[in-house]
Amino acid sequence: MNSIAIVYWNGNEKTETIGRMIARGAADSGVLVTIFTAEEFKPSRMASFNAVAFGCPTVGDEESYSFDAYLDELGEHLHEAPVAVFGSYEDAGDAVDVWEESMVNRGVELVSAIKLDNFPQGAQVERCMALGAKLGSFAKSEELDSYEEAQMALA
Ligand SMILES: Cc1cc2nc3c(=O)[nH]c(=O)nc-3n(C[C@H](O)[C@H](O)[C@H](O)COP(=O)(O)O)c2cc1C
């Protein structure tokens, strides 16, 4: 079964909630979903998933820096699966913008990005679930070859 990972920085649960909505949309589209905190998601895990969504709240510049360091740690593993980024914010929500830019600069296959200024409600829930479904469809389609290649590389 195709599987995706949702990886998030633990804050005050809004980003986690967005991640769980994305997870629900992906699961409804028929893929297996596993949810991790960033601490739990080690770089080598990228090869085990057909797509990955990374989430982080905007909490000033510090978070952007740690995100870049995290991407450095993931290194070439970032190219093993298409990714999406998400996060909660209050003012400008820079973290998701910075992540999006970093992913693009690193040549990562970025499927989608979503930033919300509160817990997902109403149409926002639909948007999160739609992102999950989109990620699920990527996971189920052309990425199967690179997933298999990644598994072979690990063997
Ligand atoms: C220390 C701190 C710094 C923050 N800095 C920003 C900021 O620079 N820009 C912004 O849009 N929101 C900022 N916020 C607001 C958070 O992004 C917002 O509360 C978000 O919903 C938190 O998500 P979470 O529940 O996943 O932690 C900050 C919050 C904290 C606690």
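Parameters and conventions
- Residues numbered from 1 in each chain as written.
- Predicted model: local features only at pLDDT ≥ 70, side-chain atom pairs only at ≥ 80, totals over all residues.
- Heavy atoms only, no water.
- Buried < 20%, exposed > 50% of the residue type's maximum accessible area, 1.4 Å probe, protein only.
- Helix = DSSP H or I, 4+ residues; strand = E, 2+ residues; numbered from the N terminus.
- Near = heavy atom within 4 Å.
- Polar contact = N/O pair within 3.5 Å; in protein donor to acceptor, adjacent residues only side chain to side chain.
- Areas by Shrake-Rupley, 256 points an atom, 1.4 Å probe, with all protein chains shown as cover.
- 1 Å grid on protein atoms, 1.4 Å probe; cavity = no way out; pocket = protein on both sides within 12 Å on 5 of 7 lines; lining within 4 Å.
- Sits in = over half its atoms within 2 Å of the grid points.

Taking an unreviewed UniProt entry as the reference, the protein chain is identified by name as Flavodoxin-like domain-containing protein belonging to Muricaecibacterium torontonense.

### Section: the pairing of strand β3 (residues 51-55)
For β3, a buried count of 5 out of 5 residues is recorded, marking the element as mostly surrounded by other parts of the structure. By the alternation rule, side chains of β3 split into A51, A53 and G55 and V52 and F54, which are all buried.

### Looking at the site of the ligand
Looking at the ligand, there are 15 residues lining it, with N12, T15, T58, S88 and D91 nearest. Taking N12, its main chain carries an N or O atom lying 2.6 Å from an oxygen atom of the ligand. The backbone of K14 places a nitrogen or oxygen atom 2.9 Å from an oxygen atom of the ligand. Burial of the ligand by the surrounding chains reaches 71%, relative to a free accessible area of 640 Å². Among the detected pockets, the ligand sits in the largest pocket.

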